[in-house]
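Examination of the molecular architecture
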Amino acid sequence: MADLLENSITLPSEAASVSVARRHVTAALAEWGLPAGSDALDTIRLIVSELTTNAVQHTFGQSPTFTVTLLLERDEELRIGVTDSHPRWPQRLPAAVRQDNGRGMVIVRSLTAHSGGRLTVTPTPDGGKTVWIALPWHPSGAGPADPG
């Protein structure tokens, strides 16, 4: 495999784009060798779903699009980035007893940590940000969701 494989898609910031992003990521990862139905793929799909939902819901119409970027580096690490043009970075919200939302980043952080990965946020030149998840690449499907 090449030292770096890249794939990206830019979508409108609307609810229907979340499922389009999930399908796109699933297809790209299948092409790169991650088996359908693996725990790793399920974990990645959930992470993508939460990050893209945040890009739609929490940009308050100030980011007309978002971009999902996949980078597979040296067949060792998968990086997933979701970029939007809204300046506010993800916030840790208090876990209120009756709160119906606001747990997306908690889920993402937990899945990422459980998978042996890391989460970072970087600014973009236009004043937005990219939320990056880096996960060990296990195309056999034994990781990132199942680290052992």
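Residues numbered from 1 in each chain as written. Predicted model: local features only at pLDDT ≥ 70, side-chain atom pairs only at ≥ 80, totals over all residues. Heavy atoms only, no water.

The protein appears in an unreviewed UniProt entry as ATP-binding protein from Streptomyces tsukubensis.

Read from one edge to the other, the open sheet built from five strands follows the order E1-E2-E3-E5-E4, with strand pairing classed as antiparallel. Looking at which strands have only one partner, the edges of the open sheet turn out to be strand E1 (4-12) and strand E4 (118-123). Strand-to-strand twist across the sheet, computed as the mean angle between neighbouring axes with direction ignored, equals 15°. Across eight bridges, strand E3 (residues 77-84) lies against strand E5 (residues 129-136) in antiparallel orientation. What sits directly across from Arg79, in E5, is Ala134. Docked against the sheet, helix H2 (residues 39-57) engages strand E2 (65-73), E3 and E5, running at close to 15° with respect to E3. (Pairing = 2+ DSSP bridges. Helix = DSSP H or I, 4+ residues; strand = E, 2+ residues; numbered from the N terminus. Axes fitted to C-alpha atoms, helices over the stretch in contact; angles between N-to-C directions. Contact = heavy atoms within 4.5 Å.)

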